[in-house]
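What the coordinates show
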4 protein chains.
Amino acid sequence: MEGFNFSTEVSVRFAETDAQGIAHHASFVVWLEVARVAYLAEHAGGYLSIRAEGIEALTTEVQLAYRQAAYFDDRLRIWTRCVDLRGARFRYEYAIERGSELIAEGSTSHATVDAISRQPTRIPAWFVEAVAKAES
Amino acid sequence: MEGFNFSTEVSVRFAETDAQGIAHHASFVVWLEVARVAYLAEHAGGYLSIRAEGIEALTTEVQLAYRQAAYFDDRLRIWTRCVDLRGARFRYEYAIERGSELIAEGSTSHATVDAISRQPTRIPAWFVEAVAKAES
Amino acid sequence: MEGFNFSTEVSVRFAETDAQGIAHHASFVVWLEVARVAYLAEHAGGYLSIRAEGIEALTTEVQLAYRQAAYFDDRLRIWTRCVDLRGARFRYEYAIERGSELIAEGSTSHATVDAISRQPTRIPAWFVEAVAKAES
Amino acid sequence: MEGFNFSTEVSVRFAETDAQGIAHHASFVVWLEVARVAYLAEHAGGYLSIRAEGIEALTTEVQLAYRQAAYFDDRLRIWTRCVDLRGARFRYEYAIERGSELIAEGSTSHATVDAISRQPTRIPAWFVEAVAKAES
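Before going into details, it helps to say that this report is about the structure given with it. What you are looking at is a predicted structure, and each value in this text was computed from that prediction instead of being measured.

This paragraph deals with the overall build of chain A. Helix and strand content of chain A: 3 helices and 5 strands. The order of helices and strands in chain A, counted from the N terminus, is β-α-α-β-β-β-β-α. In terms of C-alpha radius of gyration, chain A reaches 15 Å, essentially the compact-globule figure of 14 Å for 136 residues. The principal-axis extent of the C-alpha atoms belonging to chain A is close to 45 × 30 × 20 Å. Buried residues in chain A amount to 57% of all 136 residues. Within chain A, contacts between residues separated by at least 24 positions form 67% of all contacts whose residues are at least 6 apart in sequence.

This is the structure we're talking about:
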């Protein structure tokens, strides 16, 4: 998808559907996290490499716009990019497709904190560089 | 809380926490739904009374800003109001407190559709009136 | 219910339903945990009082038999008793009712471990006594 | 694994962990379902081919024994076999491994019902044959 270099896939689990017969809207929030984990694995040594530095990335905002319902067993592609890295903050943007059909768009904002003190701590330089390379 | 007439409470379940030791951010999306269901039960005969008319309310947007972490067994109060009812669309706004501390703020947007055809269908007049009364 | 001294209630959340239109069977596992937490709050100073001693209670077995489907917004009563406390192990047994109708029965087994070393550690005497009193 | 012809893999999602720092025990119930869906896709035209006949497979029992904790991002292999098909009932048995280490074992029991009447209905012959072939 235009503007995205990375994507990963999920299949809608039966447990993720609801009595409307569609994927529950909270399931998408979990899929965005799955996509971030896959992005980090691809580009920055994995989420565990950040935790290994004693840093936690907290989620400070979630925004999702649902365009089409998703159904059990649908194969969804989650396009993911990391943007706006500054100090102790960064964002991800997402587009979810089923085939060529746009299912949802969203973004999440994150803050890096020291795992012990829970105080804001700058994003490691290697992470900023890894993202710059991934998004170039 | 200023500007809200309705609230309901949830306790953070252990299953809703994550390995950061806090309530997972997707759990909040489920709690907003719990709050909507409680709001409808209080003011509009319950969600089932809408479904009984052959109408489904789809969630079209979710937005959440997390201010403070929530922890296992925290008792959270979810302030809820229904706003901007027009045609086949309406929104909810939320503020989540632990005691007097603001934990999160958010909103969800919804569209009413015919349960069978999935086509947009106007919000029933009795629902608009029930909300107007609740929010007055 | 015969043989049970304690119960707590949950309402089926919409997020807990699935595309069969019923409460997803994994939701029940979460409800059993909610019931254990309520049991401990009532009888043993709460789950946090166990964690405060540096002890974690791990779940080592889950068994559930589903008798009737549960539906969105159903109010379920979870009867709960703690049994077979020995050394570093104990069990809970459960019966879930909707009104007077049996919905599910189950049990969970648990082991107490040191929170740091993850080695088995005896159930504290005060906990054994609190349960004995609760179940007498 | 001895006695199993089929397996599928899941990675532990961050949302599936809890404040004990491990995969929450209810997550395993969802993974068993993921494994059943993969099994059916491989051997019996997929779960949707059963639903297409107007039959729902209900879960009537779940049993899980947890041997070792699983952690965020662990890659787990779920060995799955379908057994004891009789009339309107069948069972699955599972073993979950991380590498060569046994993490959990379990089983689920299921009943086939007519999707409309919810009355028990025999397992279709083609399904019994597909399973017999898969397990031979």
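Now, onward.
Let's shift gears to the packing of aromatic side chains. Under the definition given, this model contains 36 aromatic pairs over all chains. The interplanar angle of 85 degrees and the centroid separation of 5.1 Å between the aromatic rings of F14 of chain C and F72 of chain C together place this pair among those described as edge-to-face. In this pair, F14 of chain C sits in the loop between β1 (6-11) and α1 (25-43) while F72 of chain C sits in the loop between β2 (55-66) and β3 (75-86), placing the two residues 58 residues apart along the sequence. Residue placement shows R81 of chain A over the ring face of F4 of chain A; its charged tip is 4.2 Å from the ring centre.

Moving on, we get to the interface of chain B and chain D. One frequently used descriptor of interface size is the decrease in accessible area upon assembly of the parts. Contact residues are listed per partner, giving 8 residues for chain B and 8 residues for chain D. In this assembly, chain B and chain D are joined by 0 salt bridges. On inspection of chain B and its partner chain D, the count reaches 4 residue pairs in polar contact (both at pLDDT 80 or more). Partitioned by chemical class, the residues of the side of chain B that touches chain D number 3 nonpolar, 4 polar and 1 charged.

Residues and elements named next belong to chain C. Helix length check: α1, at 19 residues, gives a terminal C-alpha distance of 28 Å against a target of 27 Å (1.5 Å per residue), a fit within 8%. Of all the 19 residues making up α1, 15 are buried; the element is thus mostly covered by neighbouring parts of the structure. Once α1 ends, the next one or two residues include G45, with phi positive near 75 degrees.

Taken together, the 24 residues of chain A in the interface contact 24 residues of chain B. Counting each side, the surface lost to burial between chain A and chain B is near 1,900 Å², with a carbon and sulfur contribution of 49%. Three residues stand out in chain A for area buried against chain B, namely Q20, H25 and V62 of chain A, and they jointly supply 29% of the buried area on that side. On inspection of chain A and its partner chain B, the count reaches 0 salt bridges. Counting across the interface, chain A meets chain B through 14 residue pairs in polar contact (both at pLDDT 80 or more). For the side of chain A that touches chain B, the leading source of residues is strand β2 (residues 55-66) of chain A, giving 11 residues. The class makeup of the residues in the side of chain A that touches chain B is 12 nonpolar, 6 polar and 6 charged. With 5 bridges joining them, β2 of chain A and strand β2 (residues 55-66) of chain B adopt antiparallel strand pairing. The partner of A65 of chain A across the bridge, within β2 of chain B, is E61 of chain B.

Calculation notes
Residues numbered from 1 in each chain as written. Chains lettered and ligands numbered in written order. Predicted model: local features only at pLDDT ≥ 70, side-chain atom pairs only at ≥ 80, totals over all residues. Heavy atoms only, no water. Helix = DSSP H or I, 4+ residues; strand = E, 2+ residues; numbered from the N terminus. Rg over C-alpha atoms; globule rule 2.2 N^0.38 Å. Buried < 20%, exposed > 50% of the residue type's maximum accessible area, 1.4 Å probe, protein only. Contact = heavy atoms within 4.5 Å. Phe/Tyr/Trp six-rings, centres within 6.5 Å; stacked < 30°, edge-to-face > 60°. Lys NZ or Arg CZ within 6 Å of the ring centre and 35° of its normal. Salt bridge = Lys/Arg side-chain N within 4 Å of Asp/Glu carboxyl O. Polar contact = N/O pair within 3.5 Å; in protein donor to acceptor, adjacent residues only side chain to side chain. Nonpolar A, V, L, I, M, F, W, Y, C, P; charged D, E, K, R; others polar. Expected span 1.5 Å × (residues − 1). Buried area = accessible area lost by both parts, 1.4 Å probe. Pairing = 2+ DSSP bridges.

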